[in-house]
Amino acid sequence: MLRIKGGKVYDPVHGLDGVCRDVCVADGRIVEDVPGGRVIDATGMVVLPGGVDIHTHIAGAAINFAREMIPEDHRRAVALARTPARRAGIGGVAPSTFATGYMYASMGWTTIFEAAVPVLTAKHTHEELRDTPIVDKGCYLLIGNNEIVMDLLEAEDYERVRHVVAWLVWAAKAYGLKAVNPGGVAAWKWGQNVQGLFEPVPGYQRVTPARIITALAQIAEDLGLPHPLHLHCNQLGLPGNFATTLETMKLLEGRRAHLAHLQFHAYGGDDWSTFRSEAPRIAEYLNDHPNLTADAGAVLFGDTVTVTADGPWQYLLYQLTGHKWGNMDIENETGCGIVPYVYRERSLVNAVQWAVGLELLLLVQDPWRIFLTTDHPNGGAFWRYPEIIRLLMDADYRRERLKALPSKVLKRIVLPDIDREYTLSEIVVITSAGPARALGLSQKGHLGAGADADIVIYDEDPDPGRMFARPRYVIKAGEVVVEDGEIRKTVLGREFVVRPAYDEGIETFLRPLFEHYYTVSFANYPVELERIHSAEVRPCGAGPRS
Amino acid sequence: MGGKPACTLGEVKNRADLIIYWGGNPAECHPRHFTKYTLTPKGKFTPNGRKDRTMVLVDIRETPSARAADIFLQIRPGRDFEVLTALRAIIKDQPVDPERVAQTGLTLDQLRDLAERMKRARFGVIFFGMGLTMTRGKYMNSSAVLTLAAELNAFTKFIAMPMRGHGNVTGADTVLRWTTGYPFGVCFNRGYPRYNPGEFSTIDLLVRGDVDAVLVVGADPAATMPQPAIEHLKRVPTIVLDPKVSTTMRIARVGILTAATGISAGGTVYRMDEVPIPLRPALRSPYPTDEEVLRRIRQALAGRTGGETSSVGADS
């Protein structure tokens, strides 16, 4: 039992905006009152629900490939020495799994979602998630380039494709559906990409990116998944791609969807020399369409490594940068590319990208529909979120930072004209309450009775960057895991999975196809539920629809 | 710079029409490779199996694998780097000196023919073995073959993969990467992982005599390592866990027989393309599993020091 006494509580779900009140915890959950137990005196401190990261790359074959590619970053990274409370690890832009759990927790984030999992290597992902301590987690299944799904779409067998998708979600022990450059990654298997949303994917007559997107968004709804289709749009990173993003958003009218790392999809210009922000057009559309949510995928200057299933984009990035290139195509399902990258303040393109991430966060009016991410590690490492929070809360600081950018960039962005400053409550929405709602996790993102007792306590500080970087206490499921910024106790988090309904007979259809196309036996393909530490199977069809 | 253009083996099965083995002998060392993944299987876009594929073998001697190949290119020992570099030049239409090519044991025409086949392939793959990675040049050879494959992607789809073996070496490398950031040669003596091949890799540590105890799990270093390393294994307390009495177990202070993983112990193996495969034991063993022995050693150590030692992991 635990009582957090006298702190200023920010809980936007319950309309609490810095109200002094006690927060009580028993059996890992928030309760109205407790008769005794430990008391934390939070006088002069702020009390918030733990952070929820809706899109990050922290576990599985892709990020582990990135770790392999960048020993030079590990060497200069913060090393986590072993202590009685935690294991050793390496920080940096692609931290080791244990370090990932400790670093998220010691920043106040207690729930995180790995955004890209192939079924074929999902066992690996879950092994890494199990080795990512403290935080609760889940993962999204890569489905937008699955060839069995695309072959069924070609045959217009929508009924069967729904059962196949449901079967695959459960086989991967995933939480949601993710599509990355739909059709484009499949084309990359022949060294190609897709052009536009309405041209057929190479090798198909009827399957276009548009058809994949609408079919999957519909299937996510039909299956009643708690989180809608999680979409990485086509044409990521390219000048002028905002037009594709707008077309995609129009396709999704009437259905729910989540647009991942929107910053990478909001560019104007005809080529790299005319590259500019189109964040206002994208934000305007999003403002008018409550069926959509998005996460920022904001960029911060400095070193990082890019990790994405978008194989053709990564090949282009390798050609543009001349840096190292890793590629891993996964049979019949998806791809993966790795390219180390440095965002430079003096680069016109990078400066526009930095501005676009902030512009989207500031121009989307409803904080319940845009969430703080960097698409870790693509736009910057997750442990740099506090830097973004400061940029959002302090317009003067933003203006200061703009001075360091090339003057030519100012005509290509709108950031200098934006005066909005986030309130602390709005920060809680974009980092916790909003993503929890978009994920259909009713016990996360708030401090009402019955919620998971994931609580962060900060010393109030006029510099929000400093405040968010070092919580005074972090409480996970009722246990005090961080005190004074140090890990004091390691607990193991849960994993959220869903089991959408499907016709068991679908295996009779899948097995022969599988044996023809794959190189592992069908029995070895699904992830056994027993492999998952502390799995919580979340209900389908009953999630909140906001 | 190069990199690592790779794929899972099913991509090779379904798509590859040009298969190159370089410095390896799959017919004897990976006997199911041809039939499960690369040559004979009929894949989604290779409906005629072997007829849809061309196989090239590059090696310093004519091994039994040459019988399976359409083209066998015999090169002189230690000339792999030169051949790879010449190929990189040829695919970029750079001039190549025929006399220097001749020193490799091949002719310029043979290399031009290979380069042309590589560029014309629909989906090409190079599997490279220890004949490339463990001979003169070592990592420079690996770098050259990976760079060649990366550069070929300017013309077509091209992949390069190492032919790994020795049980679950890929699994060890995968797990070490997610726990420490590094694939091998990791030192914990400062309480956090450090990586420096040549300094912290096993042979170097043993040859320098830097370690004062050795725990060997599922490996047989005394059968393959250089003599000075073996001498040090004999000098210090060496403990070996193995399903059979190995060469190393014979020279060790303590040998513990364990259940054979995949036969009488379960677990996960990572295939050479890093696809995880669950193992389900078919037989029962009178011996404990490696995991159980290690767990019991750890518990015993915790009892001896009177504290909770390693809830968080081993240190050396």
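Residues numbered from 1 in each chain as written. Chains lettered and ligands numbered in written order. Predicted model: local features only at pLDDT ≥ 70, side-chain atom pairs only at ≥ 80, totals over all residues. Heavy atoms only, no water.

## Digging into the environment of D290(B)
Residue and element names in this part refer to chain B. Along the polypeptide, D290 turns up in helix α14 (residues 290-305). Of the residues examined, D290 reaches a relative accessible area of 18% and is grouped as buried. With 49 residues separating them along the chain, D290 and L241 place their C-alpha atoms 6.8 Å apart. Non-local contacts of D290, meaning those with residues more than four positions away in its chain, are made with V217, L241, T258 and T261. Of the polar contacts made by the side chain of D290, one reaches the side chain of T258; its length is 2.8 Å. (Helix = DSSP H or I, 4+ residues; strand = E, 2+ residues; numbered from the N terminus. Buried < 20%, exposed > 50% of the residue type's maximum accessible area, 1.4 Å probe, protein only. Contact = heavy atoms within 4.5 Å. Polar contact = N/O pair within 3.5 Å; in protein donor to acceptor, adjacent residues only side chain to side chain.)

## Thoughts on the nonpolar core
Residues L259(A) and W354(A) are the most contacted members of the largest nonpolar core, which totals 180 residues. Excluding its chain neighbours within four sequence positions, the residues that come into contact with L259(A) are L231(A), C233(A), M249(A), L252(A), L286(A), L292(A), T293(A), A294(A) and D295(A). Core analysis: the second largest hydrophobic core is formed by 33 residues, W22(B), L73(B), M118(B) and A121(B) among them. (Core = buried A, V, L, I, M, F, W, Y, C linked by side-chain atoms within 4.5 Å.)

## Brief notes about the packing of helix α4 (residues 80-91) of chain B against helix α6 (residues 108-120) of chain B
Residue and element names in this part refer to chain B. Between α4 and α6, the shortest axis-to-axis distance is 9 Å and the interhelical angle comes to 60°. In terms of orientation, α4 lies oblique with respect to α6. As α4 runs across α6, the sense of the crossing is right-handed. Within the contact between the two elements, α4 uses V83, A86, L87, I90 and I91 and α6 uses L108, L111, R112, L114, A115, M118 and K119. Its residues assigned to classes, the contact of α4 with α6 comprises 10 nonpolar, no polar and 2 charged. (Axes fitted to C-alpha atoms, helices over the stretch in contact; angles between N-to-C directions. Parallel < 35°, antiparallel > 145°, perpendicular 65-115°, else oblique. Left-handed = near helix turned anticlockwise from the far one by under 90°. Nonpolar A, V, L, I, M, F, W, Y, C, P; charged D, E, K, R; others polar.)

## Here we look at the interface of chain B and chain A
Taken residue by residue, the interface counts 57 residues in chain B and 59 residues in chain A. Taken together, chain B and chain A are joined by 9 salt bridges. With a closest N to O distance of 3.3 Å, K44(B) and E147(A) form a salt bridge. Where chain B meets chain A, there are 34 residue pairs in polar contact (both at pLDDT 80 or more). Elements with a contribution of two residues or more to the side of chain B that touches chain A: β1 (3-7), α1 (9-15), α3 (33-38), α8 (139-152), β6 (157-162), α9 (169-180), β12 (267-270) and β13 (276-279) of chain B. Among the elements that take part in the side of chain B that touches chain A, α1(B) stands out by supplying 6 residues, more than any other. Classifying every residue of the side of chain B that touches chain A by side-chain character gives 23 nonpolar, 18 polar and 16 charged. (Salt bridge = Lys/Arg side-chain N within 4 Å of Asp/Glu carboxyl O.)

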